[in-house]
Amino acid sequence: MVAVIMGSKSDWDVMKHCCDVLTQFGVPLEKRVLSAHRTPHAAVDFISGAEKRGVKVIIAAAGGAAHLAGVTAAHTLLPVLGVPMESASLKGMDSLLSTVQMPGGIPVGTLAIGKPGATNAALLAVAILALSDPALHKKLEAFRAQQTKKILDETL
Ligand code: RP5
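Below or above, wherever it landed, is the structure these notes cover. All of these numbers come straight from a predicted model, not from anything done at the bench.

Turning our eyes to something else, we now look at the packing of aromatic side chains. Under the definition given, this model contains one aromatic pair. R53 extends its terminal NZ or CZ atom over the ring of F46, reaching a point 4.3 Å from the ring centre.

And the structure:
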């Protein structure tokens with residue numbers, strides 16, 4: 001199971017792509033709006049209980065002073081993937097740097113800003129889960145093959 005959390009409902013338009021990919025692969029997920037700043041205690045409660053609920057990977061998306069992925073990583077041993085949201089004022093550079101510049105010892109696997117990052121966070125979570133799930137590994141192989149075929153079949 002994958003947990004997808006985001007700092008605000010305003011992140012959902014982008015993060016729904018992440019959830020769509022997980023669903024496409026048949027990966028069970030839980031999704032919540034939880035903020036490192038606005039709901040710090042609820043966020044920590046949710047994160048701390050994740051492993052016991054059967055969560056294997058947590059995907060955390062936030063924008064601006066984007067501390068959610070880092071705070072998540074600080075409260076769990078599960079792999080944490082961070083997705084920087086594109087912000088209005090700084091186009092997501094603030095989110096990217098806040099998410100990626102973790103101090104040594106507490107890792108966050110940071111993806112690209114916005115929709116590509118949301119999609120790739122899901123695919124990376126699938127790849128992690130596929131290490132111990134042969135059926136999921138086959139689905140990932142089929143996805144890659146289909147993607148390659150689509151590109152090679154393009155006509156201009
Ligand atoms: C962050 O602040 C959220 O992740 C969001 O990307 C950003 C703006 O949130 P709203 O003001 O739209 O709720 O916590």
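If you trace the five strands from one edge of the open sheet to the other, you get 2-1-3-4-5, paired in parallel fashion. Two strands close off the open sheet at either side, each with one partner strand: strand 2 (29-33) and strand 5 (109-110). The sheet strands contacting helix 2 (residues 40-48) are strand 1 (2-6), strand 2 and strand 3 (57-62), and the helix crosses strand 1 at an angle near 170 degrees. Running over the sheet, helix 4 (residues 93-100) touches strand 3, strand 4 (80-84) and strand 5 and is turned about 160 degrees from strand 4.

It is worth spelling out the packing of helix 1 (residues 12-24) against helix 5 (residues 115-130) at this point. For the pair helix 1 and helix 5, the least separation of the axes is 8 Å and the interaxial angle reads 25 degrees. Classed by the angle they form, the pair helix 1 and helix 5 counts as roughly parallel. Relative to helix 5, the crossing made by helix 1 is right-handed. On the side of helix 1, the interface is formed by V14, M15, H17, C18, V21 and L22, while helix 5 contributes K115, A118, T119, A122, L123, A125 and V126. Of the residues belonging to the contact of helix 1 with helix 5, the class tally is ten nonpolar, two polar and one charged.

Moving on to the packing of helix 5 against helix 6 (residues 134-152). The contact between helix 5 and helix 6 brings their axes to 8 Å, and the two run at 140 degrees. The angle between helix 5 and helix 6 falls in the class oblique. Our pair here, helix 5 against helix 6, has a crossing hand that is left-handed. Residue-level contacts link L123, V126, A127, L129 and A130 of helix 5 to P134, L136, H137, L140 and F143 of helix 6. Looking at the contact of helix 5 with helix 6, its residues break down into nine nonpolar, one polar and no charged.

Attention shifts here to unusual backbone geometry. Even without being glycine, K91 reaches a positive phi, approximately 60 degrees. Mapped onto the elements of the fold, K91 is located in the loop between strand 4 and helix 4. By relative accessible area, which is 56% here, K91 ends up exposed.

Reading the values: the criteria
- Residues numbered from 1 in each chain as written.
- Predicted model: local features only at pLDDT ≥ 70, side-chain atom pairs only at ≥ 80, totals over all residues.
- Heavy atoms only, no water.
- Phe/Tyr/Trp six-rings, centres within 6.5 Å; stacked < 30°, edge-to-face > 60°.
- Lys NZ or Arg CZ within 6 Å of the ring centre and 35° of its normal.
- Pairing = 2+ DSSP bridges.
- Helix = DSSP H or I, 4+ residues; strand = E, 2+ residues; numbered from the N terminus.
- Contact = heavy atoms within 4.5 Å.
- Axes fitted to C-alpha atoms, helices over the stretch in contact; angles between N-to-C directions.
- Parallel < 35°, antiparallel > 145°, perpendicular 65-115°, else oblique.
- Left-handed = near helix turned anticlockwise from the far one by under 90°.
- Nonpolar A, V, L, I, M, F, W, Y, C, P; charged D, E, K, R; others polar.
- Buried < 20%, exposed > 50% of the residue type's maximum accessible area, 1.4 Å probe, protein only.

Read these as spatial facts, not as claims about activity.
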